[in-house]
Amino acid sequence: MRTHSRTRRVALRTAAAIVALACAGIARQDPKPAGDAKLAVEDVSALLETVRAKHDLPALAGAIVVGGDVVALGAVGVRAHGSPDKVTVDDQWHLGSCTKAMTATLAAKLVERGKLKWSTTIAEALPELKDKMNEQWRDVPIEWLLQNRGGVCGKPPDEVWSELWGRTDSSRDSRRWFVEQLLAAPPEAKPGTKFIYSNQGFTIAGAMLEQLTGKAWEDLMRTEIFEPLGMASAGFGPPGSADKLDQPRGHNPNAVAPGKGADNPAAIGPAGTVHCSLGDWAKFISAHLRGENGEDLLLKAETFRKLHQPPEHQTYAMGWSREARGWAGGDTLSHNGSNTMWFCVVWIAPAKNCAVLVTTNIASDVAGKACDEACDEAVQALLRKQKLL
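These numbers come from a predicted model, not from an experiment.

About the criteria used
- All residue numbers here refer to positions counted from 1 along the written sequence of the relevant chain.
- Given that the model is predicted, a residue must reach a pLDDT of at least 70 before its local features are reported, and side-chain atom pairs must reach 80 or more before they are shown or counted; all residues, however, enter totals for whole chains, interfaces and linings.
- Water and hydrogen atoms were dropped before computing side-chain values, which therefore reflect all heavy atoms in the structure.
- Each axis is a line fitted through C-alpha atoms, and for a helix only the stretch in contact is used; angles between axes span 0 to 180 degrees, taken between their N-to-C directions.
- Here a helix means four or more residues in a row that DSSP labels H or I, a strand means two or more in a row labelled E, and each is numbered from the N terminus.
- Geometric relationships in this document are graded by angle, where less than 35 degrees denotes roughly parallel, more than 145 denotes roughly antiparallel, 65 to 115 denotes roughly perpendicular, and other angles denote oblique.
- Only heavy atoms enter the contact rule, under which two residues are in contact if any of them lie within 4.5 Å.
- In this classification, the charged set is Asp, Glu, Lys and Arg, the nonpolar set is Ala, Val, Leu, Ile, Met, Phe, Trp, Tyr, Cys and Pro, and all remaining amino acids, among them Gly, are polar.
- Along the chain, pLDDT gives the predictor's confidence residue by residue, from 0 to 100.
- Type-normalised accessible area, obtained with a 1.4 Å probe on protein chains alone, sets the label of each residue: buried when under 20%, exposed when over 50%, and partly exposed for intermediate values.
- In this scheme, strands are said to pair when DSSP sees at least two bridges between them.

1. Considering the packing of helix α6 (residues 158-166) against helix α7 (residues 171-184)
And step 1. Contact geometry for α6 and α7: axes closest at 11 Å, N-to-C directions at 170°. Looking at the two axes, α6 sits roughly antiparallel to α7. From α6, Val160, Trp161, Glu163 and Leu164 reach across to α7, where they touch Ser174, Trp177, Phe178 and Gln181.
And step 2. Looking at the contact of α6 with α7 residue by residue, the classes come out as 5 nonpolar, 2 polar and 1 charged.

What follows is the structure, encoded as structure tokens:
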């Protein structure tokens, strides 16, 4: 999605600091309490508010997950700058490119069901476009698209992107049109040879899933991901209503009401248009954390590990960046997302059985700095209170 590069760098440092602190302490608890007991959820709102006010952010929210439990949660600030309407822990946040892991997970479900193979090519999934597409696309498997090494352009042609913004047909129809335009041109790089971070590659993958199932990507996400995980708040595009302030609004730098211009075109949904509450996002993250650690949940554990494993000499897997970090006791899985009006980031530390999620409804350098301060202070205070530091 569209991003502010400095915000992205700061947020990555933020998440690393948070997880280092969280995993150093919280992970020492029994991740599976006896019986049906749950780990207590610590409210970190007071500390978050101190930092939010310091930087005049509209809102700030975060959560820490241990195994299948949210152990820390907080949401502070207002839904729009200048408004008295407070955010809540149940409010919805735009996840931007953290949607990519969800699209990859959807593909994995279809693989397990036998409707798709990781080796299924663009031409096999979209046979009616075979003679229209540049021949270099025909043998590109969906696995490469989900690993950002399918040769797909990082930036779409200006004229195609401009026309996509003006389309008024359904997201599925506009997605199909967009994919046809992309495939008519040659790849930016020889497929399979180079990492190119590409929203367009995930959009092509989404169109392939639609063709193979006869269902829109949005409907597949609801039935295959959201409903099984109980993500009742999940939806697409900016959350809330245009005519009332019932959810947080993204800021750029002022509040942007839901509607045209409040998000990227719905056609590129598979790359990053999901929104949901922090708690519901935590359910998805927990599934990946527990799957990496050997549990069969939404998918088989071996399928989760397939999603999480990058190809040789690459750190990007399918919707996840995988790199070893000393504080995590091994590899981490991470991703961030922004459409220039929201920002979020997640880090998973499987060896420590924990994950951290951070989100705000503005994407700016100030927002990144505030996330850094807020989460560091909140987690340290939480661990002190639990006598884990």
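This is not the end of the story, as more comes after the structure.
2. Let's talk about the confidence of the model for the protein
And step 1. The share of residues in the protein with pLDDT of 70 or more is 84%, and the mean pLDDT across the chain is 88.
And step 2. Taken together, the stretch residues 2-36 has pLDDT below 50 and engages in 82 contacts with residues farther than four places along the chain or on a different chain.

3. Side note on the environment of Ile204
And step 1. By the secondary structure assignment, Ile204 is in helix α8 (residues 199-213).
And step 2. For Ile204, a relative accessible area of 0% gives the class buried.
And step 3. For Ile204, the contacting residues outside a window of four places in its chain are Ile122, Leu145, Val152, Val179, Leu182 and Leu183.

4. Observations regarding the sheet that holds strand β5 (residues 235-236)
And step 1. Sheet architecture is open: 3 strands sit in the order β4-β8-β5, paired in antiparallel fashion. Sheet topology places β4 (92-94) and β5 at the edges, where each strand pairs with a single neighbour.
And step 2. Two strands pair when backbone bridges link them, and β4 and strand β8 (residues 274-277) are joined in this way by 3 bridges, in the antiparallel orientation. Across the sheet, residue His94 finds its bridge partner in β8, namely His275.

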